[in-house]
2 protein chains.
Amino acid sequence: MSIEQRHIDSAFDEDLDRLLGQLMTMGGLVESSIRDSSEALFLKDIELVDQTIRSDARIDAIEEEIQLAAVNLIALRQPRASDLRMVMAAMRISSILERVGDCSKNTAKRTTAILQSPLPGSAFSALERLARATQVLVKDSLDAFIQTDEHKAGDVIRRDHEIDQMHNSIFRQYLALMEQNPKVTTPLMHLLFIAKNFERIGDHATGIAEQSIYLKTGSLPDGERKKDDSTAFLTGPATPAENGIRKD
Amino acid sequence: MSIEQRHIDSAFDEDLDRLLGQLMTMGGLVESSIRDSSEALFLKDIELVDQTIRSDARIDAIEEEIQLAAVNLIALRQPRASDLRMVMAAMRISSILERVGDCSKNTAKRTTAILQSPLPGSAFSALERLARATQVLVKDSLDAFIQTDEHKAGDVIRRDHEIDQMHNSIFRQYLALMEQNPKVTTPLMHLLFIAKNFERIGDHATGIAEQSIYLKTGSLPDGERKKDDSTAFLTGPATPAENGIRKD
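(A) Here's a closer look at the relation of the copies chain A and chain B. In the superposition of chain A on chain B (RMSD 0.0 Å, axial shift 0.0 Å), the rotation amounts to 180°. Each copy turns onto its partner about a two-fold axis. The position closest to the rotation axis in chain A is occupied by the C-alpha of Ala 75 of chain A, lying 2.4 Å away. Comparing interface residues between copies, 100% of those in chain A also lie at the interface in chain B; the contact surface is shared.

(B) A look at unusual backbone geometry. All names here are of chain B. Residues other than glycine seldom take positive phi values, yet Lys 44 does so here, at roughly 50°. Looking at the secondary structure, you find Lys 44 in the loop between helix H1 (11–42) and helix H2 (46–77). Of note in the backbone geometry, Gln 78 takes a positive phi value of approximately 45° without being a glycine. Position of Gln 78 among the secondary structure elements: in the loop between H2 and helix H3 (81–114).

(C) Just the packing of aromatic side chains, in detail. On inspection of all chains with the given rule, the structure shows five aromatic pairs over all chains. For the ring pair Phe 193 of chain A and Phe 171 of chain B, a centre distance of 6.1 Å and an interplane angle of 45° mean the geometry is tilted. Taken together, the residues span two chains, with Phe 193 of chain A in helix H6 (residues 185–217) and Phe 171 of chain B in helix H5 (residues 150–180). Phe 171 of chain B sits in the buried class, given a relative accessible area of 1%. An aromatic cluster of at least three residues, connected via ring pairs, comprises Phe 171 and Phe 193 of chain A together with Phe 171 and Phe 193 of chain B. The ring of Tyr 214 of chain A carries the charged tip of Arg 92 of chain A above its face, separated from the ring centre by 4.7 Å.

(D) Expanded view of the packing of H1 of chain B against helix H6 (residues 185–217) of chain B. All names here are of chain B. Running from N to C, H1 and H6 point in directions that differ by 160°, and their axes come no closer than 13 Å. Compared by their axis directions, H1 and H6 come out roughly antiparallel. For the pair H1 and H6, the sense of crossing is left-handed. The residues of H6 that touch H1, namely those facing Ile 34, Ser 38 and Leu 41, are Leu 191, Ile 194, Phe 198 and Ile 201. Partitioning the contact of H1 with H6 into residue classes produces six nonpolar, one polar and no charged.

(E) Fine view of the interface of chain A and chain B. Counting residues at the interface gives 51 residues for chain A and 51 residues for chain B. Together, Lys 109, Thr 186 and Phe 193 of chain A form the three largest contributors to the area buried by chain A at its contact with chain B, with a combined 11%. One can count two salt bridges joining chain A with chain B. Of the charged contacts, one joins Glu 64 of chain B and Arg 92 of chain A as a salt bridge, the two residues approaching to 3.2 Å between their closest N and O atoms. Counting every contact that joins chain A to chain B gives two residue pairs in polar contact (both at pLDDT 80 or more). Put simply, the parts of the chain that give the side of chain A that touches chain B at least two residues each are helix H2 (46–77), helix H3 (81–114), helix H5 (150–180) and H6 of chain A. Examining the composition of the side of chain A that touches chain B, we find that 14 residues originate from one element, H3 of chain A, more than from any other. By residue class, the composition of the side of chain A that touches chain B is 21 nonpolar, 13 polar and 17 charged.

(F) Seen up close, H2 of chain B. Compared with an ideal rise of 1.5 Å per residue, which puts 32 residues at 46 Å, H2 of chain B spans 47 Å between its outermost C-alpha atoms and is within 8% of the ideal. A side-chain oxygen of the first residue of H2 of chain B lies 3.0 Å from the backbone nitrogen of Glu 47 of chain B; this N-cap is Asp 45 of chain B.

Cut-offs and rules
Residues numbered from 1 in each chain as written. Chains lettered and ligands numbered in written order. Predicted model: local features only at pLDDT ≥ 70, side-chain atom pairs only at ≥ 80, totals over all residues. Heavy atoms only, no water. Least-squares fit on C-alpha atoms with pLDDT ≥ 70 in both. Contact = heavy atoms within 4.5 Å. Helix = DSSP H or I, 4+ residues; strand = E, 2+ residues; numbered from the N terminus. Phe/Tyr/Trp six-rings, centres within 6.5 Å; stacked < 30°, edge-to-face > 60°. Buried < 20%, exposed > 50% of the residue type's maximum accessible area, 1.4 Å probe, protein only. Lys NZ or Arg CZ within 6 Å of the ring centre and 35° of its normal. Axes fitted to C-alpha atoms, helices over the stretch in contact; angles between N-to-C directions. Parallel < 35°, antiparallel > 145°, perpendicular 65-115°, else oblique. Left-handed = near helix turned anticlockwise from the far one by under 90°. Nonpolar A, V, L, I, M, F, W, Y, C, P; charged D, E, K, R; others polar. Buried area = accessible area lost by both parts, 1.4 Å probe. Salt bridge = Lys/Arg side-chain N within 4 Å of Asp/Glu carboxyl O. Polar contact = N/O pair within 3.5 Å; in protein donor to acceptor, adjacent residues only side chain to side chain. Expected span 1.5 Å × (residues − 1).

The quantities given are spatial measurements derived from coordinates; they are silent on function.
Spelled out as structure tokens, the structure:
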């Protein structure tokens, strides 16, 4: 039985339903913050920069509300087993979503600096794909949770690996562009940190997806959490041939 | 009355005491991970790289234990008011410490790449001071919590601003070095991300300190949380005169 289909037949269920409602509201705000921060950058829209930064405060506040509501629910209803797991999962997901909001806010702040600098047009296309992919991934990870669909959750974790590869390739592309033209070092540095923000959002989607698996099994998936990106081990940029950089 | 002096006179206090013991064990592990990751980098010690990465798994596991113990404590003892705040603060701090462990692990991974590349000697001295400052800050933030000393907590938050300034100056120094010598772009990029890890650890220390204030007042300090660094707005590197870069 998915959470959506759950019949409300107890005080606990009523409280839980309210909690999950808050969590989905928060999820919607966070999805918007990813979209707004991306559009601010790609459409050079300074209004959306401000909106992203402002909405992060709202995201932080709703996370506080969710944590408090969850703790009150645990103290009052003393849920056990799968009921308790559900409440804990909601707490963890709200904490993860808060961190996604931080990533969007950081992207927005860096966009302010980037919009003042000329950048090679080739720097944006792959990043735009990365941004879109992470936004969809966060949405799908929340759907997997609310539908308690562990297959969908597994698919999110698989797609996060693709996002890591996209980020890897962007990282190498930017290093190559910097070496070719040191004058664009500063704006490209900001773009590198922005790419890293999106890569991290992908990790957070995996973290959310893992909670769906935790709900079914009572434990997290085996193996080391894939939290980090392989660019941490990179010792040099790609050659132009490797990633099709145009010198424009 | 500080937490240390608290007389154990109920089942709740006994459980809480055990929980805080776990939290302090976790704090010790995390302080070690900051020190190990720093020494790995500055002493070029690959053994310490491995040790930092391994210890992060232990840190993640103890965070899970703390979250579960806290939730069980809330369900079983139904603490209210300041007792409940204490348990929630312990949960939040363990979640923050887990993120500090992630920063150390990321620094260790990047160190592997850096140790293979020649770097200007001037790149390390300010970073070493930053690393040491953040390690002490995390220790002091945990002391402020366990002693419920809000003045010490306020001091941590103040010193985090100094850490932000140190990071700001390093960021500009590295950008200038990259522009001067594009061949060191890749290793300096890793150093930039490492500096950012330390800056972020400072933010986490502030997050821990805020919990001491939350314990006293029931709410977080006023004003926007200083989670981000001002380098996000930087539009260019420092001039050599500004930060005393030697061209070596």
